Amino acid sequence: MRNHKDTKGTKAGRINKGLYAARLCALGVFVVSHLIAFPQPAHAQQPQNFDNVEIHILPVQGNVYMIIGAGGNVTMQAGDQGVLLVDTMYAGLSDKLLAAIRKISNKPLRYIIDTHIHPDHTGGNENLRKAGATIAGGNVAGNIRDAGEGAAIVAHENVLNGMSAPTGVQAPAPSGGWPTDTYVHGQKDLFFNGEAVQVIYQPAAHTDGDSIVFFRRSDVISAGDIFVTETYPVIDIQRGGSLDGIIDSVNRIIDLAVPADKQEGGTYIIPGHGRLCDEADVVEYRDMLTIIRDRIQNMIKKGMTLQQVKAAKPTSDYDPRWGATSGFWTTDMFVEAAYQSVSARK
Amino acid sequence: MTGNTKTQRHEDTKRAASKGSYSRPSLCLRVFVSLCFPLLAYGQQQNLDNIEIHVLPVQGNVYMMVGAGGNITLQAGDQGVLLVDTQFAPLSDKILAAIRNLSNKPIRYIINTHYHTDHTGGNESIAKVGTTLNVGPGANLQRPTATIIAHENVLNRMSAPAGVQPPTPAAAWPTDTYVSGQKELFFNDEGIEVIHAPGAHTDGDSIVYFRRSDVVSTGDVFNTTSYPYFDVQAGGSINGVIDALNRIIQIAIPKHEQEGGTFIIPGHGRLCDEADIVEYRDMTTIIRDRVDAMVKKGMTLDQVKAARPTKEYDRRYGSTTGPRTTDRFVEAVYRSLSAKK
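If you're wondering where the values come from, they're calculated on a predicted model, not measured in any experiment.

Reading the values: rules and limits
Residues numbered from 1 in each chain as written. Chains lettered and ligands numbered in written order. Predicted model: local features only at pLDDT ≥ 70, side-chain atom pairs only at ≥ 80, totals over all residues. Heavy atoms only, no water. Helix = DSSP H or I, 4+ residues; strand = E, 2+ residues; numbered from the N terminus. Contact = heavy atoms within 4.5 Å. Areas by Shrake-Rupley, 256 points an atom, 1.4 Å probe, with all protein chains shown as cover. Buried area = accessible area lost by both parts, 1.4 Å probe. Salt bridge = Lys/Arg side-chain N within 4 Å of Asp/Glu carboxyl O. Nonpolar A, V, L, I, M, F, W, Y, C, P; charged D, E, K, R; others polar. Phe/Tyr/Trp six-rings, centres within 6.5 Å; stacked < 30°, edge-to-face > 60°. Buried < 20%, exposed > 50% of the residue type's maximum accessible area, 1.4 Å probe, protein only.

## A few points about the overall build of chain B
Thinking step 1. A tally of regular secondary structure across chain B gives 9 helices and 13 strands.
Thinking step 2. A sequence separation of at least 24 residues applies to 63% of the contacts in chain B between residues at least 6 apart.
Thinking step 3. If you sum the accessible surface of chain B, you get close to 13,900 Å²; carbon and sulfur atoms cover 50% of it.

What follows is the structure, given as C-alpha cells:
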C-alpha cells in the first residue's frame, strides 16, 4: 500500500499574483525507490480526504490550460473537436475535475494521455474515460476497448504493462483505467483541435514508461514528473527510472522549447508538480541535476559508499530550493536514488 | 560578415557547364544547367521581364511566392517580414512589390536554404531594403540591412579567401551562420527552426520549420517537378536527400486522414502536405535501392541506364530535355552511390 503522508499543515496552496503555484500537496504520491508493489486498485486505496481540495484552472496559451488540484498537474486542450487531457489526478477528485473542465468546455472528452503510470496522474483514468466519447473513425479501429465507449487513453506501452496483469493474476489497476492506445518507441502523433500533438517517449527517466506531450501550435509542453519545480525529481528505480534518463529527457524538452525574447516566454512547460515554467526554468533545473549527477559520479569513481556520499552533501547548494527533510521525497532519498542509479550504469 | 579564412575553394565560374556551378549574379542570365526554370525555355538568355510573382497564402503567418527560380517563403507579422530564399536579382523589384502588398513592415530576416543563385540571387537587393532586428547578443547595431541566415557552407561557397575574387558580392553573403544541428529564432509569435540537412542537395542545406504556422520550407531537397537534384560537386548525395526527406516527414503531422496539417513548400513546384512528400521519398528510396543493387553487382553506368531503374516514374518526374534529365539523375545517383564507402 502506498503510504500517504497525512494532510496536516501542508495543504495550504500559495497562489502568487498571476500564477498558480501547485500545492505542495502532502497527498502527493511518492513513488519512492524502495516501494515495491503498485498500490491497490484506485477504488480500494485508503480514502483520501479530498474535501478541501480546490481545483484551479490557469489558461496557458493557445488552446491549452493547466489544472491544479492534488496530485499531478493536469493539462487540458480544448477546442471544437472536444477536450484532450494529459493526466487525470486521483480518482477521488474526478467529480471536481470534470466540473472544472465543464467550466471551460462542454464538448466531449476525446483523449486522455498519461505521462506515466503513477496514481496521482492516472487515478482518474477510469472515471474520466467513462465521461468521454472517443472520436469515431481514424485510428480508432485499433483500440482494445469498444470504440463507442468512452475516451481513448493514450500512453506508452509500459504504462499498460504496469497497470495490467496476465490472465488469472490480479491486476494492479482496474481495467477501466488502462491505456487503450499505446506506442512503443519514438513518438505518437495526433492532430486535434487544429494542432499537432506529439506524445514523445522518454526512456528510463522518471519511470520506464514516460511520455512528454508537445502541443505544437499552442507551443506548450507537458513534462510529467520528469520536470518538477518543488523537489528534486523522484527516480522510480523499481519502475525502471534513472537519473541519466531524467537528464536526457530534460535536455529533450530544452531542445524542443524555443523562447520568445531574451530567454523568456515562447514555449511554456507544464511540470508534473509545481508552477508553470518556460525554457529558462527548465535549463536551471537541468543544470542543477547535471551538476549533482556529476558530483555523485565522481564520488562513486573514488569508491565512496552511500554513507560517505551523503555526508559529503553533494546537493547542499541546491537544498534551500529543492531539498526537503520531511515529506514524501526528501533530499536523502534523492541522493540515495541518484547513487543507486549512477552506480547501476554499465 | 566578410570573407573568412576558410580555405574552401569556391566554384570556378568556368564550371558553368557542369551541374551545380555557381555564377555571379551578373552572369545569372546565362543558364545554369543545374538549375530548373520551370516556366521558361532553357535557352542561353533568360528573359525575366515577363515573370509575374504570384503569392499564395499557406497558413498561419506564412505565404508562398512563386516567380522564377526557387519558391520563396514569406512570414509576415507585427515584428516585420522574414523571407526564405530570394530568387534571382533582376526579380527583386517585383518581389519587393509583392511583399509590400502583404506588409509594409521592415524585412528583418532572409534565410537561405542553400547557395544556388536561383535561391540567393536577390539577397543583396532585398537585404539592403531591410532593417535588422536589434535584439540578442551579437547584434550589430551598425548594420542597417536585414540579417541573412544560412548554414556556414553557404557562406563558404558565396565568399572567398582574402585576395581571391569571390563569386558573389559581399552584401549578398549570410551574416549569421550556424554549423550543425539547428538554429532557432522566435519571430512574429512563433518559434522558427533552421535545421541543417547534411550532404543532401548541397553541403549547406537548411530546412526551415515555422512552428506555430506549421509550415516547412524545404529548399531543393524536395521538389514536385523532377527527380531529386543533388549537386555532387557541392557536397550533395542521394542518401543525404533521402535523410532530409525523412526528416521532413518526421516533422510533418497530417490533420485528417493523411491530408492537411503541416504544409510543405518545396524548392520548386506546388504546395504539398505530408502525403506528397511520402510519395516522393518512396520514389527516391526505391530508385536508390535499385541503383545500389546494380552498383553492388558491378554494373557500369551504361548498363544501369539501360536497365531503366526509373521506368515507371519517368512519366511523372522524368525528362529528356532541359537541365534535369532522367539520364542525369541516374548518373548522379550512380556516382553518389559508387563513391560512398
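## What to know about the interface of chain A and chain B
Thinking step 1. Every contact between the two is made by 21 residues of chain A and, on the other side, 18 residues of chain B.
Thinking step 2. For the pair chain A and chain B, the two sides together bury roughly 1,500 Å², of which 47% comes from carbon and sulfur.
Thinking step 3. Looking only at chain A, the three residues that lose the most surface to chain B are Phe-191, Arg-216 and Arg-217 of chain A, adding up to 46% of its buried area.
Thinking step 4. Linking chain A with chain B are 2 salt bridges.
Thinking step 5. One salt bridge in this structure joins Asp-219 of chain A and Arg-211 of chain B, with 3.0 Å as the shortest N-O distance.
Thinking step 6. Mapped by element, the contributors of at least two residues to the side of chain A that touches chain B are β8 (187-192), β9 (195-202) and α5 (243-256) of chain A.
Thinking step 7. The leading source of residues in the side of chain A that touches chain B is β8 of chain A, at 4 residues.
Thinking step 8. For the side of chain A that touches chain B, the class distribution of residues is 9 nonpolar, 6 polar and 6 charged.

## Describing the packing of aromatic side chains
Geometry of an aromatic ring pair is reported as the spacing of the ring centres plus the angle between the planes.
All names here are of chain B.
Thinking step 1. Scanning the entire structure with this criterion turns up 12 aromatic pairs over all chains.
Thinking step 2. Geometrically, the ring pair formed by Tyr-227 and Phe-329 is stacked, given 4.6 Å between the ring centres and 0° between the ring planes. Taken together, the positions of Tyr-227 in the loop between β11 (215-223) and α5 (238-251) and Phe-329 in helix α9 (residues 326-339) put the pair 102 residues apart, joining distant regions of the chain. Each member of the pair, Tyr-227 together with Phe-329, is buried.
Thinking step 3. Members of the aromatic cluster, joined through ring pairs, are Phe-222, Tyr-227, Tyr-280, Tyr-317 and Phe-329.

## Points about the environment of Arg-216 of chain A
Thinking step 1. Structurally, Arg-216 of chain A can be placed in the loop between β10 (210-215) and β11 (220-228).
Thinking step 2. Residue classification places Arg-216 of chain A among the buried residues on the basis of a relative accessible area of 3%.
Thinking step 3. It is 6.2 Å that separates the C-alpha atoms of Arg-216 of chain A and Glu-195 of chain A, two residues lying 21 residues apart in sequence.
Thinking step 4. Ignoring any residue separated from it by four or fewer positions in sequence, one finds Arg-216 of chain A in contact with Glu-195, Ala-196 and Gln-198 of chain A together with Tyr-209, Arg-211, Asp-214, Ile-251, Ile-253 and Thr-262 of chain B.

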